[in-house]
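Chains, contacts and geometry: an overview
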Amino acid sequence: MPSTVITYGTFDMFHIGHLNLLRRIAGLGERLIVAVSTDEFNAGKGKRTLIPFEQRAEIVRSIRYVDEVIPELSWEQKVEDVQRYAVSTFAIGDDWQGHFDFLRPYCEVVYLPRTEGVSTTELKRSLNRFCSVSREDVLHAFEVLERLRQDFG
Ligand code: C2G
């Protein structure tokens, strides 16, 4: 029976932090199952996702380290998942340190260091900065237009 590892997450705007984690977790066993949070479940987490569930699941499913993707529908499904899929290890980033120790009677529980300097929240902020037009840009544009009007009437 191949040793199975499971992890859970939103994986919105998939980035290197997600990839690093999945690569490390895949090294903890022979088979990796990833439970991707549905849009409805995320709403319950107070998380607004940019990318809809089906696309987030498809991206995660395409990662070479991932063997299977299932939906994460609730906080309560983990024990049932561990038993249903004969999971030997549950692993997740250490921003969740201690939150899932209740799984220790059912499987090994591992918290791995997050990748510093990248997060979906930060990516969204950078995107906003990138797309937003600053007040200085607008004033500069008006100055250029005024100069053109004076030069060419
Ligand atoms: N992660 C990481 N490094 C980052 C960002 C995220 O290692 N820079 C890890 C998180 O620790 C988590 C996984 O990537 O293990 C997915 O992160 P999120 O999509 O933010 O998942 P989250 O919303 O925390 O959902 O039941 C558990 C929850 O569904 C976890």
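Notes on the site of the ligand
Looking at the ligand, there are 22 residues lining it, with Lys47, Glu72, Lys78, Asp95 and Val118 nearest. Side-chain polar atom of lysine 45 to an oxygen atom of the ligand: 3.0 Å apart, as the coordinates give it. Within the backbone of valine 118, one N or O atom sits 2.6 Å away from a nitrogen atom of the ligand. In the complex, 96% of the free accessible area of the ligand, which totals 640 Å², lies under the protein chains. Those elements that provide at least two residues to the shell around the ligand are β1 (4-9), α1 (16-26) and β4 (87-93). With three residues, α1 is the single largest residue contributor to the shell around the ligand.

Points about the pattern of salt bridges
Taken as a whole and judged by the stated rule, the model has eleven salt bridges. Linking arginine 61 and glutamate 58 is a salt bridge whose minimum nitrogen-to-oxygen distance equals 2.7 Å. Of this pair, arginine 61 and glutamate 58 both sit in helix α3 (residues 53-61), three residues apart, which is roughly one turn of that helix. For glutamate 58, a relative accessible area of 42% gives the class partly exposed.

A closer look at the domain arrangement of the protein chain
For the protein chain, the assigned domains are domain 1 (4-115) and domain 2 (119-153). Its C-alpha centre places domain 1 at a distance of 40 Å from the equivalent point of domain 2. In this complex, domain 1 contributes seven residues to the contact, which on the side of domain 2 involves five residues. Summed over both sides, the interface of domain 1 with domain 2 buries roughly 470 Å², with 65% coming from carbon and sulfur. Our count for the domain 1 to domain 2 interface comes out at one salt bridge. Among the ionic pairs, aspartate 12 bridges to lysine 124, the shortest N-O distance being 3.8 Å. At the surface where domain 1 touches domain 2, the tally comes to two residue pairs in polar contact (both at pLDDT 80 or more).

Here we look at the packing of aromatic side chains
All chains considered together, the criterion is met by seven aromatic pairs. Ring geometry for phenylalanine 11 against phenylalanine 14: centres 6.3 Å apart, planes inclined by 25°, an arrangement best described as stacked. Note on phenylalanine 14: relative accessible area 23%, which makes it partly exposed.

Let's talk about the environment of valine 36
By the secondary structure assignment, valine 36 is in strand β2 (residues 31-37). Judged by relative accessible area, valine 36 falls into the buried class, the value being 0%. C-alpha of valine 36 to C-alpha of leucine 73: the two residues are 37 residues apart in sequence and 8.5 Å apart in space. Once you skip the residues sitting within four places of it in the chain, valine 36 turns out to touch Gly9, Thr10, Phe11, Phe53, Arg56, Ala57, Val60, Val69, Ile70, Pro71 and Glu72.

Conventions and cut-offs
Residues numbered from 1 in each chain as written. Predicted model: local features only at pLDDT ≥ 70, side-chain atom pairs only at ≥ 80, totals over all residues. Heavy atoms only, no water. Near = heavy atom within 4 Å. Polar contact = N/O pair within 3.5 Å; in protein donor to acceptor, adjacent residues only side chain to side chain. Areas by Shrake-Rupley, 256 points an atom, 1.4 Å probe, with all protein chains shown as cover. Helix = DSSP H or I, 4+ residues; strand = E, 2+ residues; numbered from the N terminus. Salt bridge = Lys/Arg side-chain N within 4 Å of Asp/Glu carboxyl O. Buried < 20%, exposed > 50% of the residue type's maximum accessible area, 1.4 Å probe, protein only. Domains from an automatic or database assignment. Contact = heavy atoms within 4.5 Å. Buried area = accessible area lost by both parts, 1.4 Å probe. Phe/Tyr/Trp six-rings, centres within 6.5 Å; stacked < 30°, edge-to-face > 60°.

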